[in-house]
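Chain residues, written in single-letter form:
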Amino acid sequence: MKAPLILGLALSLAAAATSASAGTCPADQMRADARTSGETMPAKVTDTELSFIALGGEINGLDNRRLRLRRLVVQPGGVVPWHSHTDRPALIMTVSGQITEYNSTCAVGIDHKAGDVAQEKKGVSHWWKNNGKVPAVLIAADIKNDADAKPADDHM
């Protein structure tokens, strides 16, 4: 892996997280159980793990967890299927294109444009779809618990 490239991407993501905010759900559309499911199969999406750090050797109590950096490319019409972020916090930066998130706590889709950073944390279940005409490129940083992982969860 090219360490300077990975470090640069991670620093860019961290900087963007403090300077850019993702599209948010309009206050009048927020509901505790606005949606309980969504698309269940991935479509037209590639998910590449760029690098990771095993956290067990870095921080006590984090055995079986990895901090990982991924690049997702969601083609027009593509789907990242319904999943939960219980025990797997993440930051997702839209690098280019646009993508719509369908969140469990919002009655309408939430559009994320280039430069937006979405926070995915405990209590969030959602799915994403590229409703646009160009690929949406996303950079994701998350903490993955490999002990509880199901094979299908590896690329969500």
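A few points on the structure.

Thresholds applied
- Residues numbered from 1 in each chain as written.
- Predicted model: local features only at pLDDT ≥ 70, side-chain atom pairs only at ≥ 80, totals over all residues.
- Heavy atoms only, no water.
- Helix = DSSP H or I, 4+ residues; strand = E, 2+ residues; numbered from the N terminus.
- Buried < 20%, exposed > 50% of the residue type's maximum accessible area, 1.4 Å probe, protein only.
- Polar contact = N/O pair within 3.5 Å; in protein donor to acceptor, adjacent residues only side chain to side chain.
- Salt bridge = Lys/Arg side-chain N within 4 Å of Asp/Glu carboxyl O.
- 1 Å grid on protein atoms, 1.4 Å probe; cavity = no way out; pocket = protein on both sides within 12 Å on 5 of 7 lines; lining within 4 Å.
- Points joined across faces, edges and corners; volume = space filled by probe spheres on them.
- Nonpolar A, V, L, I, M, F, W, Y, C, P; charged D, E, K, R; others polar.
- Core = buried A, V, L, I, M, F, W, Y, C linked by side-chain atoms within 4.5 Å.
- Contact = heavy atoms within 4.5 Å.

1. With respect to the environment of Asn-131
Phase 1 of the analysis: With respect to the helices and strands, Asn-131 occurs in the loop between strand S7 (125-129) and strand S8 (136-145).
Phase 2 of the analysis: Given the relative accessible area of 45%, Asn-131 is considered partly exposed.
Phase 3 of the analysis: As a C-alpha pair, Asn-131 and Pro-76 span 55 residues in sequence and 6.1 Å in three-dimensional space.
Phase 4 of the analysis: At 3.1 Å, the side chain of Asn-131 and the side chain of Tyr-102 are in polar contact.

2. Concerning the pattern of salt bridges
Phase 1 of the analysis: Going through the model one piece at a time under the given rule, you end up with nine salt bridges.
Phase 2 of the analysis: For the salt bridge of Arg-68 with Asp-142, the shortest nitrogen-to-oxygen distance reads 2.7 Å. In this pair, Arg-68 sits in strand S2 (residues 65-84) while Asp-142 sits in strand S8, placing the two residues 74 residues apart along the sequence. We note that Arg-68, like Asp-142, is buried.
Phase 3 of the analysis: It is possible to trace a salt-bridge network through shared partners that takes in Asp-47, Glu-49, Arg-66, Arg-68, Arg-70, Arg-88, Asp-142, Lys-144 and Asp-146.

3. Here's the deal with unusual backbone geometry
Phase 1 of the analysis: Phi is positive for Lys-44, which is not a glycine, with a value near 50°.
Phase 2 of the analysis: Structurally, Lys-44 is set in strand S1 (residues 43-54).
Phase 3 of the analysis: With phi around 70°, Asp-87 is a residue other than glycine that occupies positive phi space.

4. Overview of empty space enclosed by the protein
Phase 1 of the analysis: Counted according to the given criterion, the structure contains one cavity of 30 Å³ or more.
Phase 2 of the analysis: There is about 90 Å³ of room inside the largest cavity.
Phase 3 of the analysis: As for the largest cavity, its lining consists of 13 residues, and the residues nearest its centre are Leu-72, Val-80, Ile-92, Glu-120 and Trp-128.
Phase 4 of the analysis: Those elements giving two or more residues to the lining of the largest cavity turn out to be S2, S7 and S8.
Phase 5 of the analysis: The element contributing the most residues to the lining of the largest cavity is S2, with four residues.
Phase 6 of the analysis: By residue class, the composition of the lining of the largest cavity is seven nonpolar, three polar and three charged.

5. Points about the nonpolar core
Phase 1 of the analysis: Leu-72, Val-74, Val-80, Ala-90, Ile-92, Ile-99, Ala-118, Trp-128, Ala-136, Leu-138 and Ala-140 together form the largest nonpolar core, which totals eleven residues.
Phase 2 of the analysis: In contact with Ala-90, not counting residues within four places along its chain, are His-85, Ala-118, Gln-119, Glu-120, Ala-141 and Asp-142.

6. Notes on the side chain of Glu-120
Phase 1 of the analysis: Residue position: Glu-120 is located in strand S6 (residues 117-120).
Phase 2 of the analysis: Among the polar contacts made by the side chain of Glu-120, one reaches the side chain of His-85 at a distance of 3.1 Å.
Phase 3 of the analysis: With sequence-adjacent residues up to four places away left out, Glu-120 is seen in contact with His-85, Arg-88, Pro-89, Ala-90, Ile-92, His-126 and Trp-128.

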